[in-house]
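# Close look at the chain arrangement
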Amino acid sequence: MPFSVGHEPPAAIAVPHDLGVAGAGTVVLRLLRTRSLLMYSALLVAAVLALIAWVGVVALTMMLAGHRRRVVLATVAVSALVSLVVGGLAGRRLAVAAVRARTDRARERRLEAGRRKLVAWVSHDLRTPLAGLRAMAEALEDGVVSDPVTTADYHRRIRVETDRMTQLVDDLFELSRINAGALRLVPTAVPLYDVVSDAIAGVAALATSRRITVLAAETGWPVVHAGEPELARVVQNLLINSIHYTPADGTVHIAAGHDRDSVWLSVSDTCGGIPEHDLNRIFDVAFRGEHGRTPSTKGGGLGLAIVRGLIEAHGGHVGVRNVTGGCRFEIRLPAATASAVE
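Residues numbered from 1 in each chain as written. Predicted model: local features only at pLDDT ≥ 70, side-chain atom pairs only at ≥ 80, totals over all residues. Heavy atoms only, no water.

## Observations concerning the nonpolar core
One recurring pattern in soluble globular proteins: nonpolar side chains tend to sit buried together. Counting residues in each nonpolar core, the largest one holds 49 residues, and the members touching the most others are Leu231 and Leu265. Looking at this core element by element, the count peaks at seven residues for helix α7 (residues 228-245). Excluding its chain neighbours within four sequence positions, the residues that come into contact with leucine 265 are Leu192, Val196, Trp221, Val235, Ile254, Ala255, Ala256, Phe329, Glu330 and Ile331. If you look at the next biggest cluster of nonpolar residues, it comprises six residues, including Leu133, Ala139, Val145 and Tyr154. (Core = buried A, V, L, I, M, F, W, Y, C linked by side-chain atoms within 4.5 Å. Buried < 20%, exposed > 50% of the residue type's maximum accessible area, 1.4 Å probe, protein only. Helix = DSSP H or I, 4+ residues; strand = E, 2+ residues; numbered from the N terminus. Contact = heavy atoms within 4.5 Å.)

## Description of the sheet that holds strand β2 (residues 213-216)
Strand order in this open sheet of five strands is β2-β4-β5-β7-β6, and the pairing throughout is mixed. Where the open sheet ends on each side, the last strands, each with one partner, are β2 and β6 (317-323). Sheet twist, expressed as the average angle between the axes of neighbouring strands with direction ignored, equals 15 degrees. Relative to strand β5 (residues 262-269), strand β4 (residues 251-258) runs antiparallel, the two being bridged by seven bridges. (Pairing = 2+ DSSP bridges. Axes fitted to C-alpha atoms, helices over the stretch in contact; angles between N-to-C directions.)

## Some remarks on the pairing of β6
Pairing geometry for β6 and strand β7 (residues 326-334), over seven bridges, is antiparallel. Counted as the bridge partner of arginine 321 is arginine 328 from β7.

## Some remarks on the packing of aromatic side chains
Across all of its chains, the model carries one aromatic pair by this definition. Centroid distance phenylalanine 283 to phenylalanine 329: 6.0 Å. Interplanar angle 90 degrees. Geometry classified as edge-to-face. Taken together, the residues span a long stretch of sequence, with phenylalanine 283 in the loop between β5 and α8 (303-313) and phenylalanine 329 in strand β7 at a distance of 46 residues. On the accessibility criterion, phenylalanine 283 (7% relative accessible area) is buried. Classification of phenylalanine 329 as buried rests on a relative accessible area of 1%. (Phe/Tyr/Trp six-rings, centres within 6.5 Å; stacked < 30°, edge-to-face > 60°.)

Written out as structure tokens, the structure is:
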């Protein structure tokens, strides 16, 4: 069909319109480049609007009038609406997948950085006692040390360092099970009093050597729904951590209670408090705090990371806050149901 006299060809008019829409779409995409969902939506709208502009200009510049023009424009409008709806749904799925992939990559990078940091810490913690063990073993083997008192002291130090490395290896194994999702819990109705009593007995020697008093209530202990071995390790790790960071002649107090649908257990100490900027990092792998708060008998910095992993595996929560003269660790777990207790 010929063009009307005095009118320019459709391409001469449509191309500037398309370029204008494309330019506006580019500006919008640049402004929204950090928001993936909006970026994909803007890209779709820009493409559809460019097509509508081109078809609309063609229809208006051609010798179409009345019913024909209305049919063309209505068809374009309906097609644009369908394209936007279908493309929006598909684009949203693609956008969500892209955002999820980006989040997964960022998480993998953080985990890899954490693994490298952990390897560096563990390598240091293993090299130091191994060097001491080798030196003492060579001294005993070469006869450099022969008097009974020094020999007995070397034997005792070898045993202590061996125990430390054994604990470190056990912590690494437990942490690897948690991170790999290989932890298999067998939740039962566990009386907290029994778990706490065993944990206090287990740290009694350490507390005595550091002149720390461990206090616990005699009654009022609730029943919790949890895996007993894992809960025992949680309580023991919290007690050991508080004993290590509490100065001599200090006090560690352990208490428990229950709310409507959860049970809480707290371990409070007189360590002097934790710097505010460290509170959010206290459960990170290999975090040991400031040098002034790091005792000479420190472990691998894995105890609290294991606590968080085990509690979260139970669907619970662990936190820490400063209190007068020290800090308070608190865990929350589901309470045991009446049928479970029976």
